[in-house]
Every structure is written in C-alpha cells, then in structure tokens.
Amino acid sequence: MNIKPIRNKKDYNHALSMIEKLWDAEKGTEDFDHLEILSTLIDNYETQTIRVDLPDPIQAILFRMDQEGLEDKDMVEYFGSRSKVSEVLNYKRGLSINMIRRLHEGLGISPDVLIQEYQLKNDVA
C-alpha cells in the first residue's frame, strides 16, 4: 500500500476510502499499521483545514445541563441566585467572570466557550 501525505480534498477522500477498507485490520498486522498511519494523517489534515466554531455560551450551558440532568434550580451554585439563573439562561444577563470560573470548575465547560460574546435580548442591535 502506498501511503502519501494528505494535501487536498481529493487526497483526504482517498485516505478515508482506504481507512474503510482497513477498518477491521487485526492489531500487529501490516494493514493495522497502515490504518494507524492513515488515521494520524487524516487527523492532522482535519485539524489544519476544518474549522469548528465554538458553540454559543448559553447553548453550551444548556447542553451540559441536559447531559447532566440538571434543572434551573441546580444552577444556583454557579450563578448565585434563581433570578440570575433565569436571566442568564434567557439571554437577559451576561456571564460574570465568577460565573465563568464556577461553570468551568463545576461543569467542565471550557472557558474559551464561556468567554465568547453573545447577544443579550435587551441589547440594541
């Protein structure tokens, strides 16, 4: 098998089709080695070429709440009060630095996501 660097979309698609053929390769075989190499090349290409936008901070919080089975009342420890929970989750109040810290530490939400700007409902566009 001839493995080459992935430089463009055509190379990328070819590498993906090769991975499909090697997917069930047994560990310790030459095919498995090729599978590992192709996986690394694909990962590198995707990292360099595919931009993934960060989610909206409030949507990220709501998603994590859903994942963890949390309700609004469970968020008081991160926001400070039930009214702040409601205001933040309804885009009426921005996240403070202390809220961001507590959300990161308590729920593992990336600060990179939480510090993004987002439109509040009472902001004038």
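No experiment lies behind these values; they were computed from the predicted model shown. (Residues numbered from 1 in each chain as written. Predicted model: local features only at pLDDT ≥ 70, side-chain atom pairs only at ≥ 80, totals over all residues. Heavy atoms only, no water.)

Peer 1: Just to check I follow, could you spell out the overall build of the chain for this structure?
Peer 2: Of regular secondary structure, the chain possesses seven helices and zero strands. Tracing the chain from N to C terminus, the helices and strands come up as α-α-α-α-α-α-α. Scaling as 2.2 N^0.38, a compact globule of 125 residues should have a C-alpha radius of gyration of about 14 Å, whereas the chain reaches 22 Å, well beyond that. The buried share of the chain, taken over its 125 residues, is 28%. For the chain, the share of sequence-separated contacts (at least 6 apart) that also reach a separation of at least 24 residues comes to 55%. A total of about 9,000 Å² of accessible surface is found on the chain, and carbon and sulfur atoms cover 47% of it. Within the chain, the 23 negative side-chain charges are centred at a point lying 7 Å from the centre of the 16 positive side-chain charges. (Helix = DSSP H or I, 4+ residues; strand = E, 2+ residues; numbered from the N terminus. Rg over C-alpha atoms; globule rule 2.2 N^0.38 Å. Buried < 20%, exposed > 50% of the residue type's maximum accessible area, 1.4 Å probe, protein only. Contact = heavy atoms within 4.5 Å. Areas by Shrake-Rupley, 256 points an atom, 1.4 Å probe, with all protein chains shown as cover. Lys, Arg positive; Asp, Glu negative; His and termini not counted. Charge placed at Lys NZ, Arg CZ, Asp CG, Glu CD.)

Peer 1: Looking at this structure, I do not really get the pattern of salt bridges. What am I missing?
Peer 2: When charged atoms on two side chains of opposite charge get close, those side chains can pair. Counted by the stated rule, this structure contains two salt bridges. The salt bridge partner of R51 is D53, with a shortest N-O separation of 3.0 Å. You can call R51 exposed: its relative accessible area is 73%. Of the residues examined, D53 reaches a relative accessible area of 53% and is grouped as exposed. (Salt bridge = Lys/Arg side-chain N within 4 Å of Asp/Glu carboxyl O.)

Peer 1: How do you make sense of helix α3 (residues 57–68) when you look at a structure like this?
Peer 2: Since there are 3.6 residues in each turn of an α-helix, residues three or four apart along the chain are aligned in direction. Here α3 is twelve residues long and its end C-alpha atoms lie 17 Å apart, about the 16 Å a rise of 1.5 Å per residue gives. Buried residues of α3: P57, I58, A60, I61 and M65, and no others. Down the axis of α3, the buried side of the element spans an arc of 160°, and every buried residue falls inside it. The secondary structure elements touched by the buried residues of α3 are α4 (76–79), α5 (82–89), α6 (97–107) and α7 (111–114). A distance of 2.9 Å separates the backbone nitrogen of I58 from a side-chain oxygen at the start of α3, and that oxygen is part of D56. Note on α3: the residue one or two positions beyond its end, G69, has a positive phi of about 70°. (Expected span 1.5 Å × (residues − 1). Arc of directions from axis to C-beta. Polar contact = N/O pair within 3.5 Å; in protein donor to acceptor, adjacent residues only side chain to side chain.)

Peer 1: Before we go on, may I ask you to explain the nonpolar core in this structure?
Peer 2: Buried together is how nonpolar side chains tend to be arranged in soluble globular proteins. In terms of nonpolar packing, the biggest core is built from 21 residues, with I61, M75, F79, L95 and L103 touching the most fellow members. Of all the secondary-structure elements, those providing two or more residues to this core are α3, α4, α5, α6 and α7. In this structure, L95 is in contact with P57, I61, F79, V88, I100, L103, L114 and Y118, ignoring residues within four places of it in sequence. Among the nonpolar cores identified, the runner-up in size contains twelve residues, and Y12, M18, I19 and F32 belong to it. (Core = buried A, V, L, I, M, F, W, Y, C linked by side-chain atoms within 4.5 Å.)

Peer 1: Sorry if this is basic, but what is going on with the packing of aromatic side chains here?
Peer 2: Aromatic ring pairs are described here by two measures, namely the spacing of the ring centres and the angle between the planes. A full pass over the atoms with the stated rule returns two aromatic pairs. Summarising the aromatic geometry, the rings of Y91 and Y118 are spaced 5.9 Å apart at their centres and angled 80° between planes, so their arrangement reads as edge-to-face. Taken together, the residues span a long stretch of sequence, with Y91 in the loop between α5 and α6 and Y118 in the segment after α7 at a distance of 27 residues. With respect to class, Y91 is no different from Y118; both count as buried. (Phe/Tyr/Trp six-rings, centres within 6.5 Å; stacked < 30°, edge-to-face > 60°.)

Peer 1: Help me understand unusual backbone geometry, please; the structure alone is not making it clear to me.
Peer 2: Outside of glycine, negative phi angles account for most residues, and trans bonds account for most peptide bonds. Here the phi dihedral of Y91 falls at roughly 60°; this positive angle occurs in a residue that is not glycine. Y91 gets classed as buried once you look at its relative accessible area, which sits at 16%.

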